[in-house]
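# Analysis of the macromolecular model
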Amino acid sequence: MILNKRNNNGKTMENRKDVVFITKDIVPILTRKSDIILSPEFYWVIKKKLHIKHLWQVKKICPSLFDGMLSEGDYEYRVIKTEEAFLIFAYDSGYILNHLKKMGINTDFIDTIHFAQNELAQNSVYRVGDKMLIAKNGIFMLLPKALVSIEGIEIKHANFERLSSIKISLDKYNLLIDKKSFKLIVISLILYSSFLFFEILQHHNNLTKIHNMQNELYQTYHLPPTSWQIASIKKKLLSKHLEQTTLRDTIQQVFETPLAKGDFFISLYFEKKEIAFTISLKELEEAEKIKKNLSHLFTLKSAKIQNNSFVGELIRE
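Below you will find a few notes about this structure.

Parameters and conventions
One numbering rule holds for all chains: residues counted from 1, following each sequence as written. The predicted nature of this model means local features are confined to residues of pLDDT at least 70 and side-chain atom pairs, given and counted, to a pLDDT of 80 or more, with totals for whole chains, interfaces and linings taken over all residues. Heavy atoms from the whole structure form the basis of all side-chain values; hydrogens and water molecules are not counted. Secondary structure elements are defined from DSSP: runs of H or I of at least 4 residues count as helices, runs of E of at least 2 residues count as strands, and each element is numbered from the N terminus. Each residue is placed in one exposure class: buried if its accessible area under a 1.4 Å probe, protein chains only, is under 20% of its type's maximum, exposed if it is over 50%, and partly exposed if it falls in between. A 3.5 Å cut-off defines polar contacts: any pair of N or O atoms within that distance qualifies, except that in protein one atom must be a possible hydrogen donor and the other a possible acceptor, and neighbouring residues in sequence count only when both atoms are side-chain atoms. Residue contacts follow a heavy-atom distance rule, with two residues in contact if any of their heavy atoms lie within 4.5 Å. Counted as salt bridges are all cases of a side-chain nitrogen of Lys or Arg within 4 Å of a carboxyl oxygen of Asp or Glu. What makes a nonpolar core is a set of buried Ala, Val, Leu, Ile, Met, Phe, Trp, Tyr and Cys residues whose side-chain atoms join them at distances within 4.5 Å.

Structurally, the position occupied by Glu119 is in helix α4 (residues 116–119). Classification of Glu119 by relative accessible area gives buried; the value is 12%. In this structure the side chain of Glu119 is engaged in a polar contact, spanning 2.5 Å, whose partner is the side chain of Ser164. Excluding anything up to four places from it in sequence, Glu119 contacts Ile37, His114, Phe160, Arg162, Leu163, Ser164 and Ile166.

This part takes up the pattern of salt bridges. Enumeration over the complete set of coordinates arrives at 8 salt bridges. A salt bridge links Asp249 to Arg248; the nearest nitrogen and oxygen atoms lie 3.0 Å apart. Given a relative accessible area of 31%, Asp249 falls into the partly exposed group. For the salt bridge of Glu274 with Lys301, the shortest nitrogen-to-oxygen distance reads 3.2 Å. With Glu274 in strand β14 (residues 274–280) and Lys301 in strand β15 (residues 299–306), the pair connects residues that are 27 residues apart, well separated along the chain. When its relative accessible area of 46% is taken as the criterion, Lys301 is described as partly exposed. Because the salt bridges share partners, they merge into one network encompassing Arg127, Glu151 and Glu154.

With that out of the way, let us pick up the nonpolar core. By size, the foremost hydrophobic cluster in this structure holds 38 residues, and its most contacted members are Ile22, Leu38 and Leu100. When residues in this core are grouped by element, the largest group, 4 residues, is from strand β2 (residues 17–22). Ignoring any residue separated from it by four or fewer positions in sequence, one finds Leu38 in contact with Ile22, Tyr43, Ile96, Leu100, Ile113, His114, Phe115 and Ala116.

Quick look at the structure:
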């Protein structure tokens with residue numbers, strides 16, 4: 001579905017690019033370079049209020065935020081900070097381009113790929129064929145027309161003169177290889193394999209030296225010689241890793257506790273299963289709300305107001 005045409009300045013010109021909206025049911029025919037907008041069928045997005053300042057910190061915990069939601073795939077994440085929360089996207093770029101190819105879309109004509117979430121007005125409802133695009137709690141969903149009573153705006157009449165900067169670069173994710181490039185790759189692989197074969201022969205003697213060095217290292221650092229002893233060490237390290245993972249999840253749960261505007265954590269201390277915290281409060285009445293929220297997740301050992309702060313101790317199960 002071709003929505004309109006645009007250029008870099010957003011002005012009306014004959015040579016400007018098309019903007020095309022794509023769903024899994026609507027397959028446009030591209031005949032020129034176009035910017036495309038994907039419906040929510042092609043990606044996942046959640047909205048989270050997190051007591052974290054930096055985007056890179058949020059990106060680190062993205063996989064755990066989508067835990068149990070995503071189907072199998074190789075996902076990448078994009079985090080956008082809004083005034084009230086973080087918008088967190090998960091998408092499999094390989095799946096997107098493969099699916100577009102299966103739909104018969106010539107991906108050579110795709111310039112940039114955008115998400116509908118970032119290009120639509122949240123106070124509007126849009127008609128897309130026999131379905132409707134509507135925002136619920138700030139997240140756009142594609143629903144059957146029968147479930148939406150509002151007539152909505154036909155998507156092709158929507159204004160997309162200026163698209164957002166949030167996009168997937170086709171140059172980075174293009175999976176198609178033409179025949180000429182394929183032959184060049186095969187020849188390169190043959191040459192590389194031949195070179196690798198001679199390298200293996202040349203370094204055969206070095207492998208023996210490496211093996212001897214390995215034995216010396218075992219002796220120098222008093223490492224156990226048997227595999228079951230090494231496995232025991234590995235088990236201990238895995239146990240430590242599990243403990244750290246549990247601790248990370250606990251920290252996330254505590255930091256996700258809803259706080260009023262202006263309230264913030266002053267300190268957070270962990271010792272085994274006990275958690276001690278101090279939260280600065282603008283209004284002391286907020287302490288009861290915080291206490292109630294934390295009680296759903298942890299056993300509240302103690303709680304008190306001290307110097308305009310809420311001080312408490314929790315026990316995690």
